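# Summary of structural features
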Amino acid sequence: MASGRGSRRTTESEATVQYVQLDGLVVLNIIKHCEEVGSELSQGVLLGLLIGNCLEITNCFPFPRNALDDPDFDEMQYQMEMMRHLRYVNIDHLHVGWYQSTFFGGFVSKALMDSQFQYQHSLDESVVLIYDPLKTTQGYLSVKAYRLTPQTMAIYETMDFSPENIKQTKMAFSKIFDEVPVVIKNSHLVNALCLEIEEIGPPTEKYSFLDLATSSVLEKNIKLLMDTVDELSQDSNKFHNHYRQVAKQNQAKQQYVQKRHQENAARTAKGEVALPEEDINKLFKPLLPPSRLDNLLLSGTNCFYLACFLAWL
């Protein structure tokens, strides 16, 4: 996903993104792309410019469908060709991130973190836009921008998600992403049209939980939340099983050392040569601690599922 990014870097002060400004054209293009692919995952590239602490996104283009299934498809060449064509017609062609569709807020995954890490590692101001087409069809435009936190970037660069490092760095699922405020910018004519439509037909429903169309969405959201909780419980059981195995191994080590000391004491009392000390790590191979990355991702997914559920109430 991120293989075609540019090599442009900015200083740390310049790369501080306080909010994202989306052109209405970008929102419509993303909505159109997601409608064309249906329930499949849709991804694309965001183009724009960083001005001060505002990241302006003025254009975008999608990745072709089933591109990853085509062995002859060159993602980098495709992006370069698209940006070259946009430059010819005097349109912003600088990479500022990428977008992805999601359903029910379940976008937290290792693949997304890999792509966003590569983007931010090369382009400090890069963001990922998460668009939920299901909520949009219910009348609630859902476009959110996220960035990996500096703490996540530091840990992800070393790929050390061991329990000791997670505890030492005080990493938590709430510190994986930073949500950046999104502002949608339209022309004055579009704003005037929106105001006129609002005056002609003002909204009558004030409470979203009275909308019968949300019942199926809430039901699906709760089911996904329950499934993720089950997966989190299984991951926790694996983590506890690992430490039980470590405790058993440490006990076996102590028993072995005590037995060897007793044997050497008996041999010394008989005037025999004591047995040589052996490397205990060769007899008992250390158990590798499980990675806590899956636990962080599942916890983050639960958090976003719960936030989506509360948003409907």
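For the structure, check the block above.
Here the structure is a predicted model, which is why all the values come from computation and not from measurement.

A few words on the sheet that holds strand β3 (residues 54-62). Spatial ordering of the open sheet is given by β7-β6-β5-β4-β2-β3-β1-β8, a layout of 8 strands whose pairing is mixed. The open sheet is flanked by β7 (177-180) and β8 (182-185), the only strands paired with a single partner. Sheet twist, expressed as the mean angle between neighbouring strand axes with direction ignored, is 35°. Pairing of strand β5 (residues 127-131) with strand β6 (residues 143-148) involves 4 bridges; the strand directions are antiparallel. By the bridge assignment, Y131 is partnered in β6 with V143. Contacts from helix α1 (residues 24-37) reach β1 (19-23), β2 (43-51), β3, β4 (95-101), β5 and β8, with the element oriented near 35° to β3.

Among the 5 residues in β5, 5 count as buried, and that is most of the element. Residues V127, L129 and Y131 of β5 are buried on one face, and the alternating residues V128 and I130, pointing to the opposite face, are buried as well. Bridge analysis of β4 against β5 gives 5 bridges, and the strand direction is parallel. In the strand pairing of β5, S101 is matched with Y131. Note that the unit made of β4, helix α3 (residues 110-122) and β5 has a crossover that is right-handed.

With that settled, the discussion passes to the side chain of Q116. With respect to the secondary-structure elements, Q116 resides in helix α3. The residues touching Q116, leaving out its near neighbours within four places in the chain, are W98, S126, V127, V128, Y146, R147 and L148.

Going through the model one piece at a time under the given rule, you end up with 1 cavity of 30 Å³ or more. Approximately 30 Å³ is the volume attributed to the largest cavity. Lining the largest cavity, in full, are M113, T152, F161, M171, I176, L293, L296 and L297. With 3 residues, the top contributor of residues to the lining of the largest cavity is helix α10 (residues 293-311). Of the residues assigned to the lining of the largest cavity, the class counts are 7 nonpolar, 1 polar and no charged.

So, about the pattern of salt bridges. Taken as a whole, this structure holds 3 salt bridges when the rule is applied. Across the pair D114 and K110 runs a salt bridge, and its minimum N-O distance is 3.2 Å. Linking D114 with K110, this pair stays in helix α3, spanning 4 residues, or about one helical turn. Two residues, R260 and E263, come together in a salt bridge whose shortest N-O distance is 3.9 Å. Pair noted here: R260 and E263 are both in helix α8 (residues 214-269), with a separation of 3 residues, about one helical turn. Overall, the relative accessible area of 11% leaves R260 in the buried class. By relative accessible area, E263 is classed as partly exposed at 31%.

Glancing now at helix α5 (residues 150-158). Residues of α5 that are buried include every one of T152, M153, I155 and Y156, and no others. Considering only its buried residues, α5 is in contact with α3, β6 and α6 (163-169). Directly beyond the C-terminal end of α5, a positive phi value near 55° is found at M159.

With that settled, consider the packing of aromatic side chains. Considering all chains together, one arrives at 7 aromatic pairs under this definition. Where W98 meets Y119, the ring centres are 6.3 Å apart and the plane angle is 15°; that geometry is what we call stacked. Taken together, the residues span a long stretch of sequence, with W98 in strand β4 and Y119 in helix α3 at a distance of 21 residues. Accessibility expressed as a relative area gives 0% for Y119, which makes it buried. Taken together, a centroid distance of 5.9 Å and an interplanar angle of 70° make the contact between Y146 and F177 edge-to-face. Here Y146, found in strand β6, pairs with F177, found in strand β7; they are 31 residues apart in sequence, far enough to count as distant. Owing to a relative accessible area of 10%, F177 belongs among the buried residues under this scheme. Pairwise contacts between aromatic rings join F107, Y146 and F177 into one cluster.

The rules we used
- Residues numbered from 1 in each chain as written.
- Predicted model: local features only at pLDDT ≥ 70, side-chain atom pairs only at ≥ 80, totals over all residues.
- Heavy atoms only, no water.
- Pairing = 2+ DSSP bridges.
- Helix = DSSP H or I, 4+ residues; strand = E, 2+ residues; numbered from the N terminus.
- Axes fitted to C-alpha atoms, helices over the stretch in contact; angles between N-to-C directions.
- Contact = heavy atoms within 4.5 Å.
- Buried < 20%, exposed > 50% of the residue type's maximum accessible area, 1.4 Å probe, protein only.
- Right-handed = clockwise from strand over helix to strand, strands pointing away.
- 1 Å grid on protein atoms, 1.4 Å probe; cavity = no way out; pocket = protein on both sides within 12 Å on 5 of 7 lines; lining within 4 Å.
- Points joined across faces, edges and corners; volume = space filled by probe spheres on them.
- Nonpolar A, V, L, I, M, F, W, Y, C, P; charged D, E, K, R; others polar.
- Salt bridge = Lys/Arg side-chain N within 4 Å of Asp/Glu carboxyl O.
- Phe/Tyr/Trp six-rings, centres within 6.5 Å; stacked < 30°, edge-to-face > 60°.

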